[in-house]
Amino acid sequence: MTGRGINAVEKPVLVILAAGIGSRYGGLKQIDPVGENGELIIDYSIYDAIKAGFEKVVFVITKAILDEFAEVIGDRISRYIAIDYAYQDLNDLPKGYSLPDGRVKPWGTAQALLAAKPAVRGPFA
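Residues numbered from 1 in each chain as written. Predicted model: local features only at pLDDT ≥ 70, side-chain atom pairs only at ≥ 80, totals over all residues. Heavy atoms only, no water.

(A) Representation of the pattern of salt bridges within the structure. Within the structure shown, the criterion is met by 2 salt bridges. Across the pair Arg76 and Asp43 runs a salt bridge, and its minimum N-O distance is 3.0 Å. You can see Arg76 sitting in helix α2 (residues 66-77) and its partner Asp43 sitting in helix α1 (residues 41-51), a full 33 residues away along the chain. Given the relative accessible area of 26%, Arg76 is considered partly exposed. (Salt bridge = Lys/Arg side-chain N within 4 Å of Asp/Glu carboxyl O. Helix = DSSP H or I, 4+ residues; strand = E, 2+ residues; numbered from the N terminus. Buried < 20%, exposed > 50% of the residue type's maximum accessible area, 1.4 Å probe, protein only.)

(B) View of the nonpolar core. Counting residues in each nonpolar core, the largest one holds 19 residues, and the members touching the most others are Ile16, Ile42, Ile46, Phe59, Phe69 and Ile73. Sorting the residues of this core by element identifies β1 (13-17), α1, β2 (56-61) and α2 as the ones contributing at least two each. The element contributing the most residues to this core is α2, with 4 residues. Discounting residues that sit within four places of it in the chain, Phe59 has contacts with Ile16, Ile42, Ile46, Phe69, Ile73, Gly74, Ile83, Asp84, Tyr85 and Ala86. Judged by nonpolar contacts, the second largest core, of 10 residues, contains Val15, Val58, Val60 and Ala112. (Core = buried A, V, L, I, M, F, W, Y, C linked by side-chain atoms within 4.5 Å. Contact = heavy atoms within 4.5 Å.)

Below, the structure written as structure tokens:
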């Protein structure tokens, strides 16, 4: 029986919100090693996701960190799981809203998830 819902063969997508600029941390915490063999925190999340059956990761980042993020994380991870990028953009605001002067930080979780929407076609975590 075929329905209008999610196709049974679709696997959930792991959405990783990694656009934070680490102002309190002092840099891009996403790329700093924490494990005794140089593992990143993100490596543990992706490892667990693969073991759980995820077949794709969408990284929500800002375009400003793409090159460094891809070099340290994306290019390496893409050998094990399909990846995609979504970009959180300060100017991506609802109609009638404008960017306040001096704002440089990403807007937060809700906007980051909306940025991932074009890359996610089914269930996600």
